[in-house]
Each structure stands twice: as C-alpha cells, then as structure tokens.
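Below are the chains, spelled out letter by letter.
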There are 2 protein chains.
Amino acid sequence: MRLILVGFGTVGQGLAEILRDKAAELRAHYGFEAQIVGVATGQRGTLYHPGGLNIEQLLAVSQAHLDRYPDSLGLQRNLSIERLIREAQADVMVEASPSNLQTAQPALDYCYAALGSGKHVVMANKGPISIAYRELAQAARRGGRKLGFEATVMAGTPALRLALEALAGCRILQVKGILNGTTNYILTQMESGMEYGEALQQAQALGYAETDPTADVDGWDAAGKAVILANVLFGGQSDEHGTIAVRGIREITQADVQAAQAAGERWKLLVRVTPEGSIVKPVRLPLSDPLAQVGGAFNAVTYTTDLLGDVTLVGAGAGRLQTGFGLLADLLAVQRANP
Amino acid sequence: MRLILVGFGTVGQGLAEILRDKAAELRAHYGFEAQIVGVATGQRGTLYHPGGLNIEQLLAVSQAHLDRYPDSLGLQRNLSIERLIREAQADVMVEASPSNLQTAQPALDYCYAALGSGKHVVMANKGPISIAYRELAQAARRGGRKLGFEATVMAGTPALRLALEALAGCRILQVKGILNGTTNYILTQMESGMEYGEALQQAQALGYAETDPTADVDGWDAAGKAVILANVLFGGQSDEHGTIAVRGIREITQADVQAAQAAGERWKLLVRVTPEGSIVKPVRLPLSDPLAQVGGAFNAVTYTTDLLGDVTLVGAGAGRLQTGFGLLADLLAVQRANP
C-alpha cells in the first residue's frame, strides 16, 4: 500500500514511527505492507519518490525543512501539494494537517483531489468530516474508495469503529462523551484546589493545551467531534456545526467545583448528541455516572443503545502514537476492503 | 439465513424476540433476513420446519413443551438433536444451551456436528471456546465456516470484537476485567453495609445469581471467561482451564470491605489475563482505576495495548436482549463474510 502523508507534524510522524517499528508484525499478522511515497507539508516543502521514501531519514529531518532529506534517483522535491495528491502513484492519502473547523480547508479540497484521482482517504484532520461528511461519503462511494476517519474522535481509541461496526445491529439512541482531554485535565486539576488559570498553564506546560487555548476551553474542539458523531451516526446535516449549542469551561470557578464536590458530583465538559441535535456544555455528573470517573486527559464516550443499554468506552483522546494508530486502523480497514 | 437454535431458554428467546422485533430494521440497514428453521431443547423436545418456524408461536410456547407448537404441513417434531443439527437445511447453528465449563458437552459435539455438516456456528455457551478453541477454530477454518462467540464474554457488549477487530494493529499486552455481574453486585451491595449472605440472597431474588451460586461466587464463571480471552487473544492452550488460579469472593467479609473503603479502595473480583497465564481473585483497586468504578451487575474489561495504552469497555454482562444481541452481532458477521 503506497501512502502520501499530507501534514507531517506529530500525528504524521506518529504514523511513520508505527510503520517503521511494527513493519514485521503488521506483515506477519495482517499481511500489511505500506510504503510512504509522498510527504506534503504547508511550510516545509514536499517530497515524492514513486519507489518509496526512507522512513528513518524522513523522521530525522522532520523537525527541519524537508530539503534536508537526502537526494536520490527519482526523488522529486517541492511539487505543489495539489499536484502531488493528484499525480502521485499512490493508493491512499493520509490527511494529518491541522484541523480547520470553520472551513475545513485546504484539507477538504485535498480530500476531493485524492478521491478524484482514485485514492482512498484516511484522516486525522477533523475539518472535512465535520463540514462535509455527506458530500465526501458520496464522492467516495461513487469512486468505490474508502473514507477513514477513526482518528478524528478520541485519537485511535476506536470510538467510531465501536459504534459503526461492533455495535451494528443495535440502534444508537444517544451519545454522551468527554471528548476534549485538555478541558478534562483542567477540571480534574481544579478538583484538587487549583484555580482555572493555574490549571490551564499546567495543561499548556504539559503540551495538552495550545498557546491559544480557545478551541479547547471554549468547547469548539469538542463541538467539532460532536458534529462528526452526529454526521456519522445520525446522518446530521453538514451545516449542523453552525447550529450546535456550545459552552466551554472558562466560567467554571473553584467555588463551582467545590459546590459540585460537596454534592457528590463532578463538573465535566459533556458532549451530548442525539438524532434531534447536539450540545456541548459543562454539566455536573453524579459520581455513579461512568463518565464522572474519567479523569485527567482521558476521553470517554457512552452510547445508549436499544438492545444493550449503555456501552462506555474509555481511552486516550490524543497523543502521537495513539492518533497514529487511528490512522493505521483505517489503513488496515482499507486493505480488508481491497484484498 | 436459516438458523437452528440449540437451547431455547432466556438467551435463545432473546434472540428470537430481536429477530421478530427488528426484522424490518435489519433488512433495511444490513440486508439481513433470518428464519428460524429448527429449535432443539434438552427437555422440551425439538421442532424443525424447512420452510421456517413462526417466531410468535415459538415464543408463545417457550415456557411449556414444544409439543404445544401448532401443527403445520412439513413440520417435524422430536427429531433427535444430533439429527436435527446434521440434517437440517440450515446455514447456522446457534448454540445457546447452558454452559458446562468442565466438559463443554454436549455443546461441543453439537458444534462439531454443525461444522461437519457445513453450518456456521454462533454461540453464547461458554463451554466449547473455553475447552476446545483451537480444535474448533481449526475445524471451522478447514470447512470455510465461521465461528462466532461474542456472546460468551460480557453478553453482547462487544468485548471480543473490540479486541479482535477494532484494536487490530495494536498488540494487547494484558487484559483485566470484571466479568461476573453477580459477584460485582454482591460486592457493591456490601459497600453499603450489607453482609455477604444478605447480598447473595438479594442477588438471587433479582435473578442475578443461581439457586446454587457456586459458579459465580467461587469464580468459575469468571475463570471460564478468562480462559476464553486467553485462548482467543493469546492462543492459550485448551487445557489452561485446569491450571488457572481461581479464588472467589466467599471469604470477603464486611470488615474487609470497610478496610478497603477506609483506604480509598474497593474490592473487585478481578480477572487478569496475560500471555504468561491467567488469574481470578478478589483484589483491592484504587478508586482511580476505571474498573473500581464499575458497580452493580455491570461488567468491564481493560485492554492494555502497546500503541493506545489502556482501553476500557464498560457495559452489560448478562441479560436476555443483551446476550441475544451478541448472537445477532455474530450472525451479521457471518453474513458480511458470506455476502
């Protein structure tokens, strides 16, 4: 399987590391062999070699400009991303560039370009599936290509595969989740007495929160995932993102946290998705709710189903290898569908 | 898809109800149509009709002898179970008779008879997979038939499908779980001050525990599931059941429960399975462990993986529709593999 990676930050590098370190295991257990033939970045150039790039050397230059990748016969540098996507001899485009939840661009155009040139698309980028799930699914179906997006919700923890495959035959009536690790970390720290600002600083120091934490603390990252769940499970409209009710955790005070504790409850930034609509807001959960027990940077999702009742999945919601695994799981699914 | 149900107690009836109530939904969403052509019970006779039995009428006589099922042209009564399994025109045998964890019989022979006559096998019975997984898997592979056993661990909560399919690509290093709802219910009740005997009586009154509660409280039910996990995930030996270390909860006292509470911990009957071996015993878990938070009759399993870290699934571990769904999920998988 020949891959182009669009985006070569933490997530793309995580996938590359996995492909390097587990090559023998993946071949033995799943008959899976992958080759990275192209890498495209926004600021650090592009590389293409139809015979395959060397992962070790790619990772060695990953902190610098891709210019530093050594020359070899057949190597092409600095093709435009669009040309690389359209013209590369590749089976799959892996989209792991930063998410834009407003327009999904440029990733959305890249997805159409890849599907249009006969490539499967596997992504960690949350934009395309939250903005244009129906259209993308239709384009993929039309071309007989697969669309993979496990890594967009809870990194590689198989929240979507659980709902779409393992729970097939159940009807999912409602989804509740803690889908943003940064805010969950902040709220957990506040329970041990920390003020909001201090907990946020700590989250930033640990690399959980960005320098501009708006997308996390104001609930937009969680909302993006809510919209993905709504689109994928309930056939939500692509424009739902505009209408989802979103409130973040900025206004939660130490006094609020203590009041909840005194009542045997915990504040959580909860995502709730039903066929009727979605909402993201901080709520006080009783300790008996499995979601109340999800601490630190962990994520969790509870599916309420007709036949099984509640099914809860708890796991990592971010991380280099964790998100890289989400991409790998989709690549394995592409292979199963195209043996 | 034509089914024979072997065993028509709670679980078999649960599947029949689902097939009746969700027929339209299953057809529309998955193109799945199933017909029960045979039912076999140990004490209440057998029925076979190559044109299909009427589910409504089957459920109406399910508390009595199957003799009460109305006559119709082509109906055959009281064929021996062996003949029914071998000679019925059917695609799948569903084994939902009571589990025998010592010998797996007679279910194990039924499984071989079904595979030998070209039928797929889907089971809720825990005996065959815990005693003879390798041999059964080999027989199924040889005949190109599927072996389904999701319902043997955590009813229909997709614990096995999560490990085998959704986590494919990860290496599972260890499994920890709360896999017996009866003992978990008893331990949870003891935390609110109840003595062991009283909590056991309550579990019996609620139908969680059998009149003879030995299999639950002495850990054998949990051990059977540990062996299934060991066999399926780590290629354990079929004779591992003899060597697994098992201790139940009979000796846990109210004083033990209080001592754990005082230390911020909780007693749980924990199953631990690694490639090196399996153990079932009561342990004190810190409240920070997601498994410590699983209360009442719920079950849970934590897979420790190389790429994702810990992934925990919490859900029902028993129940008519819940276990019936486990069987349905396997039937849908049979259909996906044989479109």
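As shown above, the structure is provided for reference.
Note that the coordinates shown come from a computational prediction; the quantities given were computed from them, not determined experimentally. (Residues numbered from 1 in each chain as written. Chains lettered and ligands numbered in written order. Predicted model: local features only at pLDDT ≥ 70, side-chain atom pairs only at ≥ 80, totals over all residues. Heavy atoms only, no water.)

Colleague: Give me the overall build of chain A: which residues, what numbers.
Modeller: Regarding its fold elements, chain A presents 14 helices and 13 strands. Over its C-alpha atoms chain A spans a radius of gyration of 20 Å, differing by no more than 12% from the 20 Å that the globule rule assigns to 339 residues. Over its C-alpha atoms, taken along the principal directions, chain A stretches across nearly 70 × 45 × 40 Å. For chain A, the residues scored as buried account for 59% of the 339 residues in total. In chain A, of all internal contacts separated by at least 6 residues, the share reaching a separation of at least 24 is 69%. Split by element, the accessible area of chain A, about 13,200 Å² in all, is 48% carbon and sulfur. Charge-centre separation for chain A: the mean point of 29 positive side chains lies 5 Å from the mean point of 33 negative side chains. (Helix = DSSP H or I, 4+ residues; strand = E, 2+ residues; numbered from the N terminus. Rg over C-alpha atoms; globule rule 2.2 N^0.38 Å. Buried < 20%, exposed > 50% of the residue type's maximum accessible area, 1.4 Å probe, protein only. Contact = heavy atoms within 4.5 Å. Areas by Shrake-Rupley, 256 points an atom, 1.4 Å probe, with all protein chains shown as cover. Lys, Arg positive; Asp, Glu negative; His and termini not counted. Charge placed at Lys NZ, Arg CZ, Asp CG, Glu CD.)

Colleague: Account for unusual backbone geometry, with residues named and values stated.
Modeller: Residue and element names in this part refer to chain A. Cis geometry marks the peptide bond from Q105 to P106; its omega dihedral reads 0°. As for its placement among the helices and strands, P106 is situated in the loop between β5 (92-95) and α5 (107-116). With a phi angle near 55°, N78 is a residue other than glycine that sits in the positive phi range. Position of N78 among the secondary structure elements: in the loop between β4 (76-77) and α4 (81-87).

Colleague: Hey, could you go over the relation of the copies chain B and chain A for me, with residue numbers and the actual values?
Modeller: The transformation that overlays chain B on chain A combines an axial shift of 0.0 Å with a rotation of 180°, and the residual RMSD is 0.0 Å. Here the copies are linked by what is in effect a two-fold axis. Across chain B, the smallest distance between a C-alpha and the rotation axis is recorded for L313(B), namely 2.3 Å. A symmetric contact is evident, with 100% of the interface residues of chain B recurring at the interface of chain A. (Least-squares fit on C-alpha atoms with pLDDT ≥ 70 in both.)

Colleague: Account for the sheet that holds strand β8 (residues 172-178) of chain A, with residues named and values stated.
Modeller: Here twelve strands make up an open sheet; going across it, the order is β9(A)-β11(A)-β10(A)-β8(A)-β12(A)-β13(A)-β13(B)-β12(B)-β8(B)-β10(B)-β11(B)-β9(B) and the pairing mixed. The sheet is open, and its two edges are formed by β9 (245-246) of chain A together with β9 (245-246) of chain B, each paired on a single side. Across two bridges, β9(B) lies against strand β11 (residues 277-286) of chain B in parallel orientation. Opposite V246(B), over in β11(B), you have V280(B) as the bridge partner. Packed on one face of the sheet, helix α7 (residues 159-166) of chain A meets β8, β12 (299-305) and β13 (309-315) of chain A together with β13 (309-315) of chain B and runs near 20° to β12(A). Across the face of the sheet, helix α13 (residues 254-262) of chain A comes into contact with β10 (265-274) and β11 (277-286) of chain A while running at roughly 95° to β10(A). (Pairing = 2+ DSSP bridges. Axes fitted to C-alpha atoms, helices over the stretch in contact; angles between N-to-C directions.)

Colleague: Give a description of the packing of helix α8 (residues 181-191) of chain A against helix α9 (residues 196-205) of chain A that names residues and reports values.
Modeller: Residue and element names in this part refer to chain A. Two elements in contact, α8 and α9, have axes whose closest approach is 9 Å; the angle formed by their N-to-C orientations is 130°. Considered as vectors, α8 and α9 are oriented oblique to each other. Judged by the sense of rotation from one axis to the other, the crossing of α8 with α9 is right-handed. Residues T182, Y185, I186, Q189 and M190 of α8 pack against Y196, A199, L200, Q202 and A203 of α9. (Parallel < 35°, antiparallel > 145°, perpendicular 65-115°, else oblique. Left-handed = near helix turned anticlockwise from the far one by under 90°.)

Colleague: Before we move on, can you summarise the interface of chain B and chain A with the specific residues and values?
Modeller: Contact with chain B, which involves 33 residues of that partner, is made by 33 residues of chain A. A buried area of about 2,800 Å², summed over both sides, lies between chain B and chain A, and 63% of it is on carbon and sulfur atoms. R171(B) is paired through a salt bridge with E25(A); the nearest N and O atoms lie 2.6 Å apart. If you tally residues by element for the side of chain B that touches chain A, the top one is β13(B), at six residues. (Buried area = accessible area lost by both parts, 1.4 Å probe. Salt bridge = Lys/Arg side-chain N within 4 Å of Asp/Glu carboxyl O.)

Colleague: Lay out the environment of G45(B) in plain terms, naming residues and giving numbers.
Modeller: Residue and element names in this part refer to chain B. Its location among the elements puts G45 in the loop between β2 (35-40) and β3 (46-48). Overall, G45 belongs to the buried group, its relative accessible area being 13%. For the pair formed by G45 and N100, sequence separation is 55 residues and the distance between their alpha carbons is 20 Å. The contact partners of G45, leaving out residues within four places of it in the chain, are V39, A40, H65, L66 and N78.

Colleague: Just give me the short version of the packing of helix α1 (residues 10-21) of chain A against helix α14 (residues 320-337) of chain A, but keep the residues and values in it.
Modeller: All names here are of chain A. Taken N-terminus to C-terminus, the directions of α1 and α14 make an angle of 65°; their axes are 7 Å apart at the nearest point. The angle between α1 and α14 falls in the class roughly perpendicular. Note on packing geometry: the crossing formed by α1 with α14 is right-handed. Note on element contacts: α14 touches α1 through R320, L321, T323, G324, F325, L327, L328 and L331, opposite T10, V11, G14, L15, E17, I18 and L19.

Colleague: With reference to specific residues and values, describe the nonpolar core.
Modeller: In terms of nonpolar packing, the biggest core is built from 226 residues, with L147(A), Y303(A), L147(B) and Y303(B) touching the most fellow members. If sequence neighbours within four positions are ignored, L147(B) has contacts with L115(B), V121(B), M123(B), I129(B), L136(B), A137(B) and A140(B). (Core = buried A, V, L, I, M, F, W, Y, C linked by side-chain atoms within 4.5 Å.)

Colleague: Could you give an account of helix α11 (residues 220-234) of chain B, with specific residues and numbers?
Modeller: Residue and element names in this part refer to chain B. For α11, with 15 residues, the first-to-last C-alpha span of 20 Å sits near the 21 Å given by 1.5 Å per residue. The element α11 is largely enclosed, with a buried count of 13 among its 15 residues. Within two residues after α11, G235 carries a phi angle of roughly 60°, on the positive side. (Expected span 1.5 Å × (residues − 1).)

Colleague: For α9(A), give the residues involved together with the corresponding values.
Modeller: Residue and element names in this part refer to chain A. Those residues of α9 that fall on the buried side of the exposure criterion are Y196, A199, L200 and A203. For α9, the arc enclosing every buried residue in end-on projection is 100°, short of the 170-degree limit, so these residues lie on one face. Pointing more than 90 degrees away from the buried face of α9 are the exposed residues Q201 and A205. Phi for G207, located one or two positions after α9, is positive at around 85°. (Arc of directions from axis to C-beta.)

Colleague: Give a detailed account of the pattern of salt bridges, specifying residues and quantitative values.
Modeller: Tallied over the entire structure, the rule returns 38 salt bridges over all chains. The salt bridge involving D289(A) is made with K176(A); its shortest N-O contact spans 3.1 Å. Of this pair, D289(A) sits in the loop between β11 and β12 while K176(A) sits in strand β8, and the two are 113 residues apart along the sequence. By relative accessible area, D289(A) is classed as buried at 14%. Judged by its relative accessible area of 17%, K176(A) falls in the buried class. Close ionic contact of K22(B) with D306(A) constitutes a salt bridge, the shortest N to O distance being 2.3 Å.

Colleague: I'd like a rundown of the environment of D212(A), residues and numbers included.
Modeller: Within the fold, D212(A) resides in the loop between α9 and α10 (214-217). Within the structure, the side chain of D212(A) is placed 2.4 Å from the side chain of T214(A), a separation counted as a polar contact. (Polar contact = N/O pair within 3.5 Å; in protein donor to acceptor, adjacent residues only side chain to side chain.)

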